Amino acid sequence: MIKIAICEDEKEQQDLLKTHINQIFKDLPINYSLYIFNSGEELLKNYPKNIDIFLIDIQLNEINGMDTARKIRETDNKAEIIFITSLIEYALEGYEVRAYRYLIKPVKYDNLKTHILNCIKEIDIKNRHIIIKEQGNRIKLDISEITYIEVQKENITIHTLNKTYETKCTMNNIEKEINCIRFYRCHKSFLVNLEHIKSIKQYIAVLENGEEVPISRYRFKDTKDRFFDLIEDKLC
């Protein structure tokens, strides 16, 4: 089930988005729920938990779309946010709330479909997990929370957004278990989640939390290419 919330104060635009979304999911083997809100205030007071995709008009009255997204991000780091706007200059500001997708009014069906399908792929990745053993305990880890993994012989250290875990495994086995294109073996001893890279400098991946992951010389170009491909995919 995919839950989508539209926050748009223009009735004509609401109806257009609703029609497009109904048509998109008509061709998909996925159930969905659609919620409509007329303002940022109404959305923040009434939207149900676990919304997967928000479509938010930036130019809302009183609480604008950007501030609405900021409020959402205070409690929800996983939802996908798509901004609807007639002013593309807001795009750079959207990085603050991890909204990488923008649609220009009037929203075209093909453009919205592309973004919705990409969001569904992101949601699938965020819902995936692995099970590891640490000191006899079985622990479930969301792969989207993993920033990088390092190995020394058969000892694996898994770094996540909030904690570090130690387990016994080989890098090849854990890479196969994760099985996600967002993870790249940037070094024989390091597997990095491209999603959490902030920048790349000479043979170093700088993560959003400030940590640095080494990149081997012969994998440097491919790591950069994959990182920029990810950014390009999100901006398309």
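Residues numbered from 1 in each chain as written. Predicted model: local features only at pLDDT ≥ 70, side-chain atom pairs only at ≥ 80, totals over all residues. Heavy atoms only, no water.

A. Representation of the overall build of the protein chain within the structure. Check the secondary structure of the protein chain and you find 6 helices and 15 strands. Computed over C-alpha atoms, the radius of gyration of the protein chain comes to 20 Å, within 12% of the 18 Å expected from 2.2 N^0.38 for 236 residues, which places it in the range of a compact globule. Once the C-alpha set of the protein chain is aligned to its principal axes, its extents read approximately 60 × 40 × 35 Å. In the protein chain, once contacts between residues fewer than 6 apart in sequence are set aside, the share between residues at least 24 apart is 53%. (Helix = DSSP H or I, 4+ residues; strand = E, 2+ residues; numbered from the N terminus. Rg over C-alpha atoms; globule rule 2.2 N^0.38 Å. Contact = heavy atoms within 4.5 Å.)

B. Region of interest: the side chain of Arg 73. As for its placement among the helices and strands, Arg 73 is situated in helix α3 (residues 65-73). Look at Arg 73: it is buried, it has no salt bridge, and the nearest opposite charge is Asp 76 at 4.5 Å. A polar atom in the side chain of Arg 73 sits 2.8 Å from the backbone oxygen of Ala 79. (Buried < 20%, exposed > 50% of the residue type's maximum accessible area, 1.4 Å probe, protein only. Lys, Arg positive; Asp, Glu negative; His and termini not counted. Salt bridge = Lys/Arg side-chain N within 4 Å of Asp/Glu carboxyl O. Polar contact = N/O pair within 3.5 Å; in protein donor to acceptor, adjacent residues only side chain to side chain.)

C. Highlighting the environment of Thr 19. Among the structural elements, Thr 19 can be located in helix α1 (residues 11-26). With relative accessibility at 51%, the residue Thr 19 sits in the exposed group. Taking C-alpha positions, Thr 19 is 19 Å from Asn 118, a pair spaced 99 residues apart along the chain. Here Asp 15 takes part through its backbone oxygen, which lies 2.9 Å from a polar atom of the side chain of Thr 19.

D. Geometry of the nonpolar core. Judged by nonpolar contacts, the single largest core of 19 residues is most densely connected at Ile 130, Ile 149, Ile 158, Ile 174 and Ile 178. Mapped onto this core, the elements with two or more residues apiece are β6 (129-134), β7 (137-142), β8 (146-152), β9 (155-160) and α5 (171-178). Other than its neighbours up to four places away in sequence, Ile 149 contacts Ile 156, Thr 157, Ile 158, Met 171, Ile 174, Ile 178, Ser 189, Phe 190 and Leu 191. Counting residues in each nonpolar core, the second largest holds 18 residues, with Ile 2, Ile 21, Phe 25 and Leu 112 among its members. (Core = buried A, V, L, I, M, F, W, Y, C linked by side-chain atoms within 4.5 Å.)

E. Quick peek at the sheet that holds β9. One open sheet holds the 5 strands; their spatial order is β10-β9-β8-β12-β11, and the pairing between them is antiparallel. Bordering the open sheet on either side are β10 (164-168) and β11 (183-187), each of which pairs with just one other strand. In this sheet, neighbouring strand axes are inclined to one another by 20° on average, regardless of whether the strands run parallel or antiparallel. In the sheet, β8 pairs with β9 via 6 bridges, with the strands oriented antiparallel. (Pairing = 2+ DSSP bridges. Axes fitted to C-alpha atoms, helices over the stretch in contact; angles between N-to-C directions.)

F. Highlighting the pairing of β6. Only one face of β6 is covered, namely the one carrying Ile 130, Ile 132 and Glu 134; the face carrying His 129, Ile 131 and Lys 133 has none of its residues buried. By the bridge criterion, 6 bridges tie β6 to β7 in an arrangement that is antiparallel. Residue His 129 lies in a different strand from β7, and its bridge partner there is Asp 142. Remark: 2 residues form the turn of the hairpin made by β6 and β7, two consecutive strands paired antiparallel; Gln 135 in that turn has positive phi of roughly 50°.

G. Up close: the packing of α1 against helix α4 (residues 109-126). Where α1 meets α4, the axes come as close as 10 Å, and the angle between the chain directions of the two elements is 60°. Relative to α4, α1 is oriented oblique. The handedness of the crossing between α1 and α4 is right-handed. In this structure, α1 uses Leu 17, His 20, Ile 21, Gln 23, Ile 24 and Phe 25 to contact α4, whose residues at the interface are Tyr 109, Leu 112, Lys 113, Ile 116 and Ile 120. (Parallel < 35°, antiparallel > 145°, perpendicular 65-115°, else oblique. Left-handed = near helix turned anticlockwise from the far one by under 90°.)

H. Highlighting α4. In this model, α4 (18 residues) spans 26 Å end to end at C-alpha, consistent with the 26 Å of a helix rising 1.5 Å per residue. Along α4, the positions that sit buried rather than exposed are Leu 112, His 115, Ile 116, Asn 118, Cys 119, Ile 120, Glu 122, Ile 123, Ile 125 and Lys 126. (Expected span 1.5 Å × (residues − 1).)

I. How the structure looks around the sheet that holds strand β13 (residues 197-201). Pairing in this open sheet of 3 strands is antiparallel, and the strands run β13-β14-β15 from one edge to the other. Whereas interior strands pair on both sides, the edge strands pair on one side only; in this sheet they are β13 and β15 (212-214). The mean inter-strand angle of the sheet, taken between neighbouring strand axes irrespective of direction, is 25°. Sheet analysis places β13 next to strand β14 (residues 204-207), joined by 4 bridges and oriented antiparallel.

J. Just the state of the cysteines, in detail. Within the structure shown, the criterion is met by 0 disulfides. Cysteine Cys 169 shares no disulfide, and the gap to the nearest cysteine sulfur, in Cys 180, comes to 17 Å. (Disulfide = S-S within 2.5 Å.)

Keep in mind these numbers describe shape, not what the thing actually does.
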